[in-house]
Amino acid sequence: MIKKLIPYLFNGEINLIIMENEYFTDIFIALFIKIFRRKMRFYGPAYHIPPSSKSPKEFIQYLPHYLDYKLGIWFMSFIYTKIYTENLYMKNYFKSLNSKVDVIVESPGIKCKFIKPISYIHSITKDIDFLFLTSFTANKGLYDYLHLVAALSKKFEYARFAMGGFANESTISEINDFITSNNIKNLEIKTNLSEDDKYQLFARAKIYVLPSQEDGIPITFYEAWGYGDVVVAYLLDTYSDIQDYILPVELGNFNQLLEKCTFALLNYEGLKKKFADKCYYYARDHSYENGIKNLVENIAGINTK
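Model, not experiment: these values are computed from the prediction.

> Before we go on, may I ask you to explain the sheet that holds strand 2 (residues 41-45) in this structure?
Through backbone hydrogen bonds, the strands of a sheet pair up, either in parallel or in antiparallel fashion. The sheet built from four strands is open, its strands ordered 1-2-3-4 with parallel pairing. Each end of this open sheet is capped by a strand with a single partner; those strands are strand 1 (16-18) and strand 4 (103-105). Between one strand axis and the next, the sheet turns by 15° as a mean value, whatever way the strands run. Summarising the sheet, strand 3 (residues 82-85) and strand 4 pair through three bridges and their orientation is parallel. Opposite I83, over in strand 4, you have V103 as the bridge partner. Its contacts with the sheet put helix 4 (residues 88-97) on strand 3 and strand 4, and the angle it makes with strand 4 is roughly 170°. Packed onto the sheet, helix 12 (residues 288-299) meets strand 2, strand 3 and strand 4 and runs at close to 165° relative to strand 3.

Shown next as structure tokens:
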């Protein structure tokens, strides 16, 4: 990448670069460019910070990942012209590092065409009790969800579960071994989903469970809200803006996760009445179209409000 950029840097053909993410392993490119072009402007995103590890083993295992984020965010706060995020927690974090940093808070969700009318949400028949839809990885809560399925399927023989998202062959094999060893018979697994497949799962689901360990505001929340799903999730710092739209669980507290999911299943109709309308309108107001429009205008320095 640096090799391709060098000719442009010296002949002055570009003066603004939009970076892809907040990792220091990418941001060091911005630092390199700044050596040659002090007036170069950088824009880029930062959605979350990984939580600190709770055990020495985890600390050693995740230290490179943690430092990659933390260093990246620290340098962003001093060399970027504008930073965009989707939650106030990150804005406040950046301001604590550099009070003069320019941070845009904008949370674009899903495209309007995927948000059904509110009448559809209230009339739809759902046949999946619990859905997990994201990448099948540990930091997204894969193993907590599998243990949740094992526990809930013993308590409620009628309960139906589903998983959807990306997974490699070794992960699928691991999941199948877990299903067999725990005698789970009511778990539906779908990988390599199309957009239509994904939204069909959200339409069928009552409760969307995301025990993620690190996230911004997940796009899947908007997808779930757009189809009337009650969301149960570990409460991360970055969820401060939307904590009233989910059933929050203390980060890493599996017993509480099990309790909240049990409560959600037994009280689904009442929770749907409580959450469906306000979550639907939140998803609609934070649509992809609205969010991108506002973000582009902010980056361009256009004040339309």
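> Is there a simple way to think about the packing of aromatic side chains in this case?
Remark: the centre distance and the inter-plane angle together describe each pair of aromatic rings, the angle taken between the planes. Inspection of every chain in the model, using the stated rule, returns 21 aromatic pairs. Seen from their ring centres, W74 and F75 are 5.1 Å apart, and the 85° between their planes marks the pair as edge-to-face. Consider the rings of W225 and Y282, whose centres lie 5.5 Å apart with planes at 85°: the pair is edge-to-face. Highlighted residues: W225 in helix 9 (residues 219-225) and Y282 in helix 11 (residues 268-285), separated in sequence by 57 residues. This pair shows no difference in class: W225 is buried, exactly as Y282 is. One aromatic cluster is present, formed by F221, Y222, W225, Y239, Y245 and Y282 through successive ring pairs. The ring of Y120 carries K116 above its face, with NZ or CZ at 5.8 Å from the centroid.

> I'm lost on the environment of D244 in this one. Help?
Along the chain, D244 turns up in the loop between strand 9 (230-234) and strand 10 (247-249). A C-alpha to C-alpha distance of 9.3 Å links D244 and C279, two positions 35 residues apart in sequence. When sequence neighbours within four positions are dropped, the list of residues in contact with D244 reads F275 and K278.

> Which parts of the structure should I look at to understand the sheet that holds strand 10?
If you walk across this open sheet you meet the six strands as 7-6-5-8-9-10, and the pairing is parallel. Both edges of this open sheet fall to strand 7 (187-191) and strand 10, since each of them pairs with a single strand only. Strand-to-strand twist in this sheet, taken as the mean axis angle between neighbours without regard to direction, amounts to 20°. Judged from the four bridges that link them, strand 8 (residues 205-210) and strand 9 form a sheet pairing that is parallel. Each bridged residue has a counterpart across the sheet, and for V209 the counterpart in strand 9 is V232.

> I tried to follow the nonpolar core on my own but got confused; where do I start?
Buried together is how nonpolar side chains tend to be arranged in soluble globular proteins. Residues F130, Y145, M163, Y208, F221, W225 and I242 are the most contacted members of the largest nonpolar core, which totals 70 residues. No other element matches the eight residues that helix 11 contributes to this core. With sequence-adjacent residues up to four places away left out, F130 is seen in contact with Y145, L152, R160, F161, A162, I207, V209, C261 and L265. Counting residues in each nonpolar core, the second largest holds 21 residues, with M19, M40, I49 and Y93 among its members.

> Honestly, the pairing of strand 7 in this entry has me stumped. Any pointers?
It is a general feature of regular strands that their side chains alternate between the two faces of the sheet. Note that strand 6 (residues 161-165) and strand 7 share five bridges and pair parallel. Note that in strand 7 the partner of A162 across the bridge is E188. In this fold, strand 6 hands off to helix 7 (residues 169-181), which returns the chain to strand 7; that crossover is right-handed.

> Just checking my understanding: could you explain helix 12 for this structure?
Helix length check: helix 12, at 12 residues, gives a terminal C-alpha distance of 16 Å against a target of 16 Å (1.5 Å per residue), a fit within 8%. Buried residues of helix 12: G291, N294, L295, E297 and I299, and no others. Packed against the buried residues of helix 12 are strand 2, strand 3 and strand 4.

> Sorry if this is basic, but what is going on with the pattern of salt bridges here?
Side chains that differ in sign of charge can pair as their charged atoms come close. Tallied over the full model, the rule gives 11 salt bridges. Among the salt bridges present, the one from R284 reaches D285, with a minimum N-O distance of 3.9 Å. Given a relative accessible area of 40%, R284 falls into the partly exposed group. In the salt-bridge network here, residues are joined through shared partners; they are D127, E188, K190 and R204.

The rules behind each value
Residues numbered from 1 in each chain as written. Predicted model: local features only at pLDDT ≥ 70, side-chain atom pairs only at ≥ 80, totals over all residues. Heavy atoms only, no water. Pairing = 2+ DSSP bridges. Helix = DSSP H or I, 4+ residues; strand = E, 2+ residues; numbered from the N terminus. Axes fitted to C-alpha atoms, helices over the stretch in contact; angles between N-to-C directions. Contact = heavy atoms within 4.5 Å. Phe/Tyr/Trp six-rings, centres within 6.5 Å; stacked < 30°, edge-to-face > 60°. Buried < 20%, exposed > 50% of the residue type's maximum accessible area, 1.4 Å probe, protein only. Lys NZ or Arg CZ within 6 Å of the ring centre and 35° of its normal. Core = buried A, V, L, I, M, F, W, Y, C linked by side-chain atoms within 4.5 Å. Right-handed = clockwise from strand over helix to strand, strands pointing away. Expected span 1.5 Å × (residues − 1). Salt bridge = Lys/Arg side-chain N within 4 Å of Asp/Glu carboxyl O.

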